[in-house]
Structures are given as C-alpha cells and as structure tokens.
Amino acid sequence: MKSLSVLSKHLEDVHLAAHTTTARVVENTKLYELAEDLVSQFRPSKTYSKNDIRWTHFYLPLEGPKLRAIPFGIGYVNGEYWLGFDELGQVGIKKGDQKVSDVYFDILRSTAAFEHLTDKAALEKVIPWKFRTGKAKRKYVDTDVDFWKGSDCRKVSKAYASHLAKGLKSGPISLNHYLETAAIAYRAAFPDEAGKSPLELYKAHADLRHGGMLEIKRPDSRSAYNRWLLSDEWQGSHPFEVVFSWHNYGIHFAPPRMDRWSDANSFNITVGDSVYSQMYIKMLSALMQAGVAVTTQQPMLNDALQYLSGELYYTVNDYSNNYTHYEGYAEEEELFKHIKWDEIKVLKRRG
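A brief report on the enclosed structure follows. (Residues numbered from 1 in each chain as written. Predicted model: local features only at pLDDT ≥ 70, side-chain atom pairs only at ≥ 80, totals over all residues. Heavy atoms only, no water.)

Structural notes on the overall build of the protein chain
Each helix and strand counted, the protein chain has twelve helices and 16 strands in total. Taken over C-alpha atoms, the radius of gyration comes to 26 Å for the protein chain, far larger than the 20 Å a tight globule of 351 residues would show. The dimensions of the protein chain, computed from C-alpha atoms along their principal axes, are 70 × 45 × 40 Å. For the protein chain, the residues scored as buried account for 44% of the 351 residues in total. A sequence separation of at least 24 residues applies to 64% of the contacts in the protein chain between residues at least 6 apart. Per element, the accessible surface of the protein chain, about 19200 Å² overall, is 49% carbon and sulfur. Averaging the coordinates of the 45 positive side-chain charges in the protein chain and doing the same for the 44 negative ones gives two points 5 Å apart. (Helix = DSSP H or I, 4+ residues; strand = E, 2+ residues; numbered from the N terminus. Rg over C-alpha atoms; globule rule 2.2 N^0.38 Å. Buried < 20%, exposed > 50% of the residue type's maximum accessible area, 1.4 Å probe, protein only. Contact = heavy atoms within 4.5 Å. Areas by Shrake-Rupley, 256 points an atom, 1.4 Å probe, with all protein chains shown as cover. Lys, Arg positive; Asp, Glu negative; His and termini not counted. Charge placed at Lys NZ, Arg CZ, Asp CG, Glu CD.)

Rendered as structure tokens:
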C-alpha cells in the first residue's frame, strides 16, 4: 500500500467524508470478493444480525521511510461491505462491473498480507500516535484554565448531601410556579439579568421548542400544567432545556410531575454539555439555598466537579462528550506524557 496521503486523496476524490450520509458505493465484483475473502479469515468483533456484522480492528500497512500501519474497520451491512477509516473516510463496496482505482484493491491485498495484523507487540511500534486512542485528565488538556480546588468541590458535595437529607418534597405545580423557580437558577447564573421577569429569562436562554408549554391558558393552574405534562403534546420538544446548547443539551430543569407510573415529587436539574458545568453548579446551589425541592444525578454532579477541578478524563482521538485530539506535534509533548493509551485490539483468526 502506498502512502497515507495517497489513501486520503482517493477517499476525498469520491467524496467519502467521515460520518456523512452521502458516501458513494463502488460497484466491483472482484473488489467485493477480496473484502469477502479477507473478513472470512477472522471472527467478527460484533454480530448484530446476519445482515449487520462488524470487524473493527484491521490494520493497513503503509510504505514510507519506515513501516507504519493505520487502523480501519470493515462492516457487512445489507449485502454491502463498508471500509471505515474514521476521520479519513469510508467506502462502500458491492458487486458490479464498475472500474475502480487500484488503491482499493491495494488496501485489501496489503491488509491480508500484513504479517503483523494480529501481533499487538509489533503493532505498538508502527501505529502512529494520531491513530491510537486513550485518555488524559482535563488539567493536562486545558492548561490555561484556573481549576477549582478540591476543597471547593467537597463543599458543593457536602451541601448537596445535606440538602438531600432534608427530604424536601413538592406537589404538582403551575406553569408560573415552574418559571418562577427556574428564575431562581437563572438569576444565579446571569446576575446582570436579575431584573428580568421569569418569562423573559426563559425566553432569553431556553431552547424555545417548548412544545406548547408557554401557550397554557391558565398559567396559575396546577391541574392545567400537570395535564399538559402528562400529555403527548410536547414529546420531541425541549421545554425544560432552560439553557440551550448545540452540543448534546445545555442545562435541563425538569418539573415535578404526578402520574400513575411515577412519583417525581421534586424538580430535577442536569447538565449535558460540560462547558456549562460551573453554571449548573451555580443553579443547583441557588435552588438548594432557596429551599427548593430539587435533585440531580449524583454521577453527573461528580463529573461536573471533576471537570471544574481538571480531574475529569477526556478521551484522546476517540469521540465522546469530552475529548481531544493528539496529532503528535512538538507542542503536544507535555500532553503526551500524561496520556494513558488504550491497549491495541486485534481480531482473532478463525480455525
């Protein structure tokens, strides 16, 4: 197989950007049979059904001053084979007589002939770090941040434990009650906007796909609000995303609701985007100080505090809610010292 740049160029030439839904499929029976022969020699990594099988740990050797190898996967989905190279791209293969680049044949032949394909020790030496995955604490990634002290985090944890011990409960609420309670959190997070009304604060920061919540005709009626809560009217909307984020979700503030299946007799606040961790803590603290019956998810609170103290692990070269890339540049030398690299995985041969 030729260089990485050649591989990358061919993937780009057929518009195979990673994670796209417009990836084109090449139709060549000989190429299809090569893929079929390659995967037949190994046990699948995952078998979801007879029409959805994955082999996720192949390695393609590349020519150059020294041997290198990059990971890729092959999937069999509804009669087609898919070669996936993460950010480099992906290509689908099915039977046909289309003329295709020799690069695609080289990929499969070079992989099949690679002597170190299932040798973890040998692969350790030839896979570039930019194609390895691992994890590193945030404090080694975001080095220009003033992180919280451990004592600050323990103070918040202790306050939440004391709050839970009170066993505060809430019955059904009205729309206005919900907005007024959310305003306690808003004013803690946005003190410069303290003069705004609860509705103004909500409209300024929430997702605004409120699913009809703001159109409830009797905003002081608990029965009207609970009836709306238990309806399907707002399904698919985000009425309780009180702070919007494009990434996952921002801050979610769910009201108490009463129905035959649950007894959710408190407000619940959560955070979906770590960037909002400090805001989430401010909001939760303000609600607790105001004596609101509010809960959160303990693991989420722990993660937010670890994020703020820099102790939260980011994934490296592996997408997650908190991740970073490592390319191997000189300026990343300090980060490299603190990365805990994942063990290299290989496929098991059949027979």
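Here the narrative resumes.
Focus on the environment of Leu-229
By the element assignment, Leu-229 lies in helix H9 (residues 222-229). A relative accessible area of 1% places Leu-229 in the buried class. On a C-alpha basis, the gap between Leu-229 and Ser-170 in space is 15 Å, while along the polypeptide they are 59 residues apart. Setting aside residues no more than four positions away along its own chain, Leu-229 makes contact with Trp-234, Phe-240, Pro-255, Pro-256 and Arg-257.

Points about the side chain of Lys-137
Tracing the chain through its elements places Lys-137 in strand S7 (residues 134-137). A distance of 2.6 Å separates the side chain of Lys-137 from the side chain of Glu-311, its partner in a polar contact. The contacts of Lys-137, once residues within four sequence positions are left out, are Gly-310, Glu-311, Leu-312 and Tyr-313. (Polar contact = N/O pair within 3.5 Å; in protein donor to acceptor, adjacent residues only side chain to side chain.)

Examining the sheet that holds strand S4 (residues 68-77)
Strand pairing in a sheet relies on backbone hydrogen bonds, with the paired strands running either antiparallel or parallel. Strand order in the open sheet formed by six strands is S1-S6-S5-S4-S3-S2, and the pairing between neighbours is mixed. Two strands close off the open sheet at either side, each with one partner strand: strand S1 (25-27) and strand S2 (46-49). Pairwise comparison of adjacent strand axes, ignoring direction, gives a mean angle of 25° for this sheet. Here S1 pairs with strand S6 (residues 90-94) via three bridges, running parallel. Considered in S6, the bridge of Glu-27 is made with Lys-94. Seen against the sheet, helix H2 (residues 29-40) touches S1, strand S3 (52-62), S4, strand S5 (80-84) and S6 and runs at an angle of roughly 75° to S5. In the packing of helix H3 (residues 102-113) onto the sheet, contacts are made with S3, S4, S5 and S6, and the angle to S3 comes to roughly 90°. (Pairing = 2+ DSSP bridges. Axes fitted to C-alpha atoms, helices over the stretch in contact; angles between N-to-C directions.)

So, the layout of surface pockets
Volume-wise, the largest pocket comes out at about 1300 Å³. As for the largest pocket, its lining consists of 40 residues, and the residues nearest its centre are Phe-85, Asp-86, Thr-133, Asn-317 and Asp-318. Contributing elements (two or more residues each) for the lining of the largest pocket: S2, S3, S4 and S5. Tallied by class, residues from the lining of the largest pocket come to 18 nonpolar, eleven polar and eleven charged. Space inside the second largest pocket adds up to approximately 200 Å³. (1 Å grid on protein atoms, 1.4 Å probe; cavity = no way out; pocket = protein on both sides within 12 Å on 5 of 7 lines; lining within 4 Å. Points joined across faces, edges and corners; volume = space filled by probe spheres on them. Nonpolar A, V, L, I, M, F, W, Y, C, P; charged D, E, K, R; others polar.)

Quick look at the pattern of salt bridges
Considering all chains together, one arrives at eleven salt bridges under this definition. For Glu-311, the salt bridge is made with Lys-137, and the minimal N-O distance between the two is 2.6 Å. Taken together, the residues Glu-311 in the loop between helix H11 (298-309) and strand S14 (313-316) and Lys-137 in strand S7 connect sequence positions 174 residues apart. The class for Glu-311 is partly exposed, based on a relative accessible area of 25%. Residues Glu-193 and Lys-196 are paired through a salt bridge, measuring 3.2 Å at the closest nitrogen-oxygen approach. The class of Glu-193 is buried, set by a relative accessible area of 18%. Linked through salt bridges whose partners overlap, the residues forming this network are Lys-137, Lys-139 and Glu-311. (Salt bridge = Lys/Arg side-chain N within 4 Å of Asp/Glu carboxyl O.)

Some words on the nonpolar core
Of all hydrophobic cores here, the largest spans 49 residues; its most connected members are Tyr-178, Tyr-186, Tyr-225 and Ile-251. If near-sequence neighbours (up to four positions away) are discounted, Tyr-225 is found in contact with Ile-173, Ser-174, Leu-175, Tyr-178, Met-213, Ile-216, Phe-240 and Pro-255. One finds Ile-53, Ile-93, Ile-107 and Leu-117 within the second-largest nonpolar core, a separate group that totals 37 residues. (Core = buried A, V, L, I, M, F, W, Y, C linked by side-chain atoms within 4.5 Å.)

Some points on H2
Given a rise of 1.5 Å per residue, twelve residues ought to cover 16 Å, and the 16 Å separating the end C-alpha atoms of H2 matches this to within 8%. The complete set of buried residues in H2 reads Leu-31, Tyr-32, Ala-35, Leu-38 and Val-39. The buried residues of H2 occupy an angular sector of 125° when projected down its axis, which confines them to one face. Turning to H2, the residues buried within the fold contact S1, S3, S4, S5, S6 and H3. (Expected span 1.5 Å × (residues − 1). Arc of directions from axis to C-beta.)

A word on the packing of H2 against H3
Two quantities define a packed helix pair, namely the angle between the axes and the distance from one axis to the other. Two elements in contact, H2 and H3, have axes separated by 10 Å at closest approach and are oriented at 20°. Between H2 and H3, the angle falls in the class roughly parallel. The two elements H2 and H3 cross, and the hand of that crossing is left-handed. Contacts between H2 and H3 involve Lys-30, Leu-31, Leu-34, Ala-35 and Leu-38 from the first element and Tyr-104, Phe-105, Leu-108, Arg-109, Thr-111 and Ala-112 from the second. Considering only residue class, the contact of H2 with H3 consists of eight nonpolar, one polar and two charged. (Parallel < 35°, antiparallel > 145°, perpendicular 65-115°, else oblique. Left-handed = near helix turned anticlockwise from the far one by under 90°.)

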